Amino acid sequence: MSDVSAVKTALKSQVIETPSWGYGNSGTRFKVFAQPGVPRDPFEKLEDAAQVNAFTGVAPKVSLHIPWDKVEDYSALTRHAEDLGLRIGAINSNVFQDDDFKLGSVTHPDPKVRRKATDHLLECVDIMDETGSLDLKLWFSDGTNYPGQDDIVARQDRLAEALAEVYERLGDDQRMLLEYKLFEPAFYTTDVPDWGTAYAHCLNLGPRAQVVVDTGHHAPGTNIEFIVAFLLRAGKLGAFDFNSRFYADDDLMVGAADPFQLFRIMHEVVKNGGMKPETNVNFMLDQCHNIEAKIPAVIRSVANVQEATAKALLIDMNALSAAQQSGDVLAANAVLMDAYNTDVRPLLAEVRDEIGLARDPFAAYLASGNQVRIAATRVGGEQAGWGA
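These lines cover the structure that appears in this document, whether it is placed above or below. (Residues numbered from 1 in each chain as written. Predicted model: local features only at pLDDT ≥ 70, side-chain atom pairs only at ≥ 80, totals over all residues. Heavy atoms only, no water.)

Regarding its fold elements, the protein presents 14 helices and 12 strands. Taken over the C-alpha atoms alone, the protein extends approximately 60 × 55 × 40 Å along its principal axes. In the protein, buried positions account for 54% of the 388 residues. Entry remark: accessible area of the protein is about 17000 Å², with carbon and sulfur atoms responsible for 53%. Taking the average location of the 36 positive side-chain charges in the protein and that of its 55 negative ones, the two points are 2 Å from each other. (Helix = DSSP H or I, 4+ residues; strand = E, 2+ residues; numbered from the N terminus. Buried < 20%, exposed > 50% of the residue type's maximum accessible area, 1.4 Å probe, protein only. Areas by Shrake-Rupley, 256 points an atom, 1.4 Å probe, with all protein chains shown as cover. Lys, Arg positive; Asp, Glu negative; His and termini not counted. Charge placed at Lys NZ, Arg CZ, Asp CG, Glu CD.)

Right, let's get into the packing of aromatic side chains. Enumeration over the complete set of coordinates arrives at 14 aromatic pairs. Between F183 and F187, the ring centres sit 6.0 Å apart and the planes meet at 45°, which makes this aromatic pair tilted. Taking 4.8 Å as the distance between ring centres and 5° as the angle between the ring planes, the aromatic pair formed by F240 and F242 counts as stacked. Like F242, F240 is buried. Taken together, W195, Y199, F226 and F230 form an aromatic cluster joined through their ring pairs. Taking the ring centre of F101 as reference, the NZ or CZ of K116 above it sits at 5.7 Å. Note that K311 overlies the ring of Y340, its terminal NZ or CZ placed 4.5 Å from the centroid. (Phe/Tyr/Trp six-rings, centres within 6.5 Å; stacked < 30°, edge-to-face > 60°. Lys NZ or Arg CZ within 6 Å of the ring centre and 35° of its normal.)

Take the pairing of strand β4 (residues 61-65) next. The element β4 is largely enclosed, with a buried count of 5 among its 5 residues. The two faces of β4 match: K61, S63 and H65 on one face and V62 and L64 on the other face are all buried. Both strand β1 (residues 16-19) and β4 contribute to a ladder of 2 bridges, which runs parallel. Residue pairing across strands places T18 opposite V62, the latter belonging to β4. With 4 bridges connecting them, β4 and strand β5 (residues 87-92) associate as parallel partners. Paired with H65 across the two strands is N92, which belongs to β5. (Pairing = 2+ DSSP bridges.)

Structure follows, in structure tokens:
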């Protein structure tokens, strides 16, 4: 797409979902670091998400994580989101922070533990009904640490049984999004370790089960854009968890480690129709901001996705196709590199200006004084976070 007006139109319609947990306290295995002004409940998390949307214009959806975002009245939470110009995005389950799940959740050898885990997933579907969420996002820490610890095939059978029960509970307009992860916290086997395993389970479940690609959940050197292209071709790419990593699942700001990889991924998304509304790919952030201020970090992350998208949209697809068909390897690569090396910040500044936003959302937010205000007013109570 080389038509600048068409590029601008595509950028204006982009939606990037932010994670509620990205606004809370987080850290490492060793320590969670508290910051002033961090939300104390899901309502304040939504208020922070509204700041991101106000300055970027493309972040109107917020993922919730249960039980981190559990409230007594989900209708009130949904109304609060709507009053802020937001809507509830994916509901994320948590079957990894309970002592009963030490040996697994839905794949645990004990049927009582499996029942407890599956009931939580069904509870998440109930919350979807109450909030208007259309996506149930599942990630399982289930796996084993030692050879012989459990039966690998039996665990896959247990997983399939639980997924099937939850899938049947979904409404006609709701989806199940299955995430995979190479390793951690299980180190010998992980029950959903890769896109192939997730894809196979989703294929067996039906059309409303799709795969989530977390950009931090792969072995070093994995060609993530190939996975994206394959799943788009198969109609099974449901969502991204955008983040960045240097070694393992670091959950750093997307584009921080390898912005060229993010560009390559977005090229496959754009080329294969992933930005079309009917494809229904959800662009989500999954990040924990341990040492940086939360709201500015999310704004920067959204901008990084926008920049990669803009560069992907600027690729001259006719020139690329001609070079590929003629076998001109260098010319084809040059087409991609020309787009990647384009400074798209002025283009994005124009897009924001045209929709009535500040040209630099990061600087505008810092100048707004909101960061100082929340640090001064959010005093007392227990800050939100996932604990360690």
